[in-house]
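# Fold and geometry: a report
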Amino acid sequence: MDLKRWLQGDPQQSFDAWKSRVLSRYDSPVLGKRPEQVRQLHLMQKYGARWRDKYQLRQQQERPVSCQLSGSNWLQSMLFNPNSRLSRQTACVFLEGLARVPQRRQEIVNLLTSFLAQLGQAGPYGAEFFALYMSLVRKEHWRYYLVSRGLLPKLADWIEIEINGLTRQEMVGRSSELSQGHAMKSLVELLSFFLEETSVRQAYKGRLVGHVLNGYLNLRRLVLQRTRLVEDTQELLLQLLGDMTTGTEAETKQFMSVCVQTLRQCLVDGLVTPVFVVERLCSIIHPEEKDDVEFLMSLDKDPQQEDFLQGRMQGNPYSSTEPGLGPLMRDIKNKICQDCELVALLEDDTGMELLVCNKIMSLDLPVRDVYRKVFLSENNEAEPMRIVYRMRGLLGDATEEFIERFDDKRQRPANDEETYKLANVMGECGGLDVLLERLSCVRDIQGEGRPLLGALVKLLSFCTKVQTNRSLLITPELNAVQRLLGALKLCLQAQQNMPPFTEQLLEVMKAILCQASAQSVD
């Protein structure tokens with residue numbers, strides 16, 4: 001009974017109401033029942049009530065006491081205490097123990113997620129907290145849970161805040177600290193952890209690719225604030241950018257639009273940062289073949305000249321990265337002469353022949369071109385390229401085919417519209433105007449402006465391969481010819497130090513003028 005309510009005269013707390021709620025006992029005679037039946041009812045009531053009390057007590061023991069930790073400033077102070085590492089470790093052990101109870105784990109994860117915004121102020125003193133947080137969210141269901149609560153956009157904003165802070169310190173000329181960038185690296189690692197899941201990356205990469213690209217470009221500009229942690233964060237962002245930009249053609253076009261928007265937002269006097277964006281666009285429109293692929297070579301003597309040539313190449317198969325085996329076939333010939341002590345043939349380029357796939361190779365050909373265009377056309381990559389060497393004219397005139405050079409024009413695809421089809425995106429999103437504006441910003445090609453001008457000319461040459469872009473470049477609004485003439489003037493003024501892309505710039509202007517002439521005739 002409630003004493004206060006009884007004193008107030010509540011009828012529900014009166015004696016009669018209490019008496020009516022009390023279970024009747026069956027120890028007194030009951031009308032119409034025998035003593036045995038009365039005793040049986042009494043025992044049922046007694047032991048049933050005892051079972052109920054034990055069950056309720058057990059439920060109370062198993063049910064965890066609610067720990068309302070949200071808003072606990074003392075716990076946050078212990079987790080990020082800059083003066084005591086023991087304090088930080090104790091708080092982590094305390095929270096880790098609470099999280100072992102399944103019913104409390106969600107509350108602990110939510111609490112620690114709310115503390116992520118404090119990593120920027122904590123700096124290196126948040127390492128214990130971050131390790132604890134990563135250990136709790138390793139399982140996939142917690143990853144999906146936090147993504148559904150909108151954590152990824154918040155992570156992108158926190159990373160941007162950290163990078164902007166470094167940029168401001170760079171502008172004022174403040175010296176850097178070795179621990180600078182600790183929170184930024186931790187946040188980027190957490191973002192990369194969430195994006196490892198394919199479904200999460202597919203859902204969010206369209207919204208996050210701009211943040212990742214801008215963050216990477218801003219870190220590239222840092223000089224005074226560059227530390228080891230900043231370098232590691234920059235590498236993580238570059239790797240993350242590569243993972244987010246590989247996908248369908250529609251996603252690639254969307255990323256190209258983001259690159260154009262980023263290029264438009266770059267500072268007018270910025271000559272270093274835009275180079276990466278322009279080169280990235282070039283690699284998307286027309287990916288270049290990688291020449292750093294390692295392959296094996298087997299250098300064998302012609303069996304018919306076994307009695308005339310001394311020595312033997314003992315290191316078969318040789319790696320293409322070994323010294324003396326490139327870049328030209330002449331270097332391989334010299335390597336054979338040195339190892340086999342054929343001194344008389346060392347300075348004589350006409351005395352020895354090298355055969356690949358039963359074809360005589362010119363000594364001026366690059367080794368990688370021979371491997372890619374001759375050997376791979378008839379063999380598998382897993383096999384070493386067999387190079388047979390012999391003395392010229394020893395057994396009569398050669399009857400094999402002689403390859404002096406490779407005709408690149410013959411191997412060039414006939415349909416440029418299909419090869420450079422992604423260049424149409426530059427015209428659709430206003431990228432041509434942005435490229436020409438950036439071209440006008442280059443005032444000197446003797447310093448940092450030279451790489452940017454070369455990258456811009458290369459990208460414009462790709463853009464002029466398609467009809468749509470050529471039609472846009474002859475419009476008076478873009479004023480393309482006059483801007484290109486300004487860039488050509490800079491190249492010609494260099495005289496002895498004329499850049500190698502001058503001819504490519506002339507080809508761009510030729511394509512535009514030919515399109516204008518054809519349209520005027522029509």
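Residues numbered from 1 in each chain as written. Predicted model: local features only at pLDDT ≥ 70, side-chain atom pairs only at ≥ 80, totals over all residues. Heavy atoms only, no water.

In terms of regular secondary structure, the chain is built from 25 helices and six strands. What you see for the chain is a C-alpha radius of gyration of 39 Å, clearly larger than the 24 Å of a compact globule of 522 residues, by over 25%. In terms of its C-alpha atoms, the chain occupies a principal-axis envelope of roughly 135 × 70 × 55 Å. The buried share of the chain, reckoned over its 522 residues, is 41%. For the chain, the share of sequence-separated contacts (at least 6 apart) that also reach a separation of at least 24 residues comes to 71%. Element-wise, carbon and sulfur atoms account for 51% of the exposed surface of the chain, whose accessible area totals about 30300 Å². (Helix = DSSP H or I, 4+ residues; strand = E, 2+ residues; numbered from the N terminus. Rg over C-alpha atoms; globule rule 2.2 N^0.38 Å. Buried < 20%, exposed > 50% of the residue type's maximum accessible area, 1.4 Å probe, protein only. Contact = heavy atoms within 4.5 Å. Areas by Shrake-Rupley, 256 points an atom, 1.4 Å probe, with all protein chains shown as cover.)

Once that is clear, we can look at a positive patch on the surface. A grouping of Arg39, Lys46, Arg50, Lys54 and Arg58 is seen on the molecular surface, where their side chains present a positively charged patch. Turning to its location among the elements, Lys46 is positioned in helix H3 (residues 35–62). (Patch = residues over 30% accessible without salt bridge, like charges linked within 9 Å, V, L, I, M, F, W, Y side chains within 5 Å. Salt bridge = Lys/Arg side-chain N within 4 Å of Asp/Glu carboxyl O. Lys, Arg positive; Asp, Glu negative; His and termini not counted. Charge placed at Lys NZ, Arg CZ, Asp CG, Glu CD.)

Attention now moves to the confidence of the model for the chain. Considering every residue of the chain, the mean pLDDT works out to 84; 91% of them sit at 70 or more. Scored below 50 in pLDDT, residues 409–413 shows two contacts in the model against residues more than four places distant or in partner chains. (pLDDT = per-residue confidence, 0-100.)

In this section: the packing of helix H15 (residues 273–285) against helix H22 (residues 449–463). Put simply, H15 and H22 touch, their axes get as near as 9 Å, and they point 25° apart. The pairing of H15 with H22 is recorded here as roughly parallel in orientation. Crossing geometry of H15 relative to H22 is assigned as left-handed. Two secondary-structure elements touch here, H15 through Pro274, Val275, Val278, Glu279, Leu281, Cys282 and Ile285 and H22 through Pro451, Leu452, Ala455, Leu456, Lys458, Leu459 and Phe462. Its residues assigned to classes, the contact of H15 with H22 comprises twelve nonpolar, no polar and two charged. (Axes fitted to C-alpha atoms, helices over the stretch in contact; angles between N-to-C directions. Parallel < 35°, antiparallel > 145°, perpendicular 65-115°, else oblique. Left-handed = near helix turned anticlockwise from the far one by under 90°. Nonpolar A, V, L, I, M, F, W, Y, C, P; charged D, E, K, R; others polar.)

Take the packing of helix H10 (residues 151–172) against helix H12 (residues 198–220) next. Interhelical geometry of H10 versus H12 gives an angle of 5° and a closest axis separation of 10 Å. Compared by their axis directions, H10 and H12 come out roughly parallel. Along the contact surface, H10 presents Leu152, Pro153, Ala156, Asp157, Glu160, Ile163, Leu166 and Thr167, while H12 presents Val200, Tyr204, Leu208, His211, Gly215, Asn218 and Leu219. Looking at the contact of H10 with H12, its residues break down into nine nonpolar, four polar and two charged.

For the rest of this paragraph, the subject is helix H9 (residues 140–148). Those residues of H9 that sit buried are Trp142, Arg143, Tyr145, Leu146 and Val147. At the C-terminal side of H9, Gly150 shows a positive phi close to 80°.

Our focus in this paragraph is unusual backbone geometry. Negative phi values dominate among residues other than glycine, just as trans dominates among peptide bonds. The omega torsion across Asn316 and Pro317 is -5°, close enough to zero to call that bond cis. Here Pro317 shows up in the loop between strand E1 (296–301) and strand E2 (318–319). With a phi angle near 60°, Glu341 is a residue other than glycine that sits in the positive phi range. By secondary structure assignment, the location of Glu341 is in the loop between helix H16 (329–339) and strand E3 (352–356). In this structure, Cys357 takes a positive phi of about 55° despite not being glycine. Its location among the elements puts Cys357 in the loop between E3 and strand E4 (359–361). Cys357 gets classed as partly exposed once you look at its relative accessible area, which sits at 22%.

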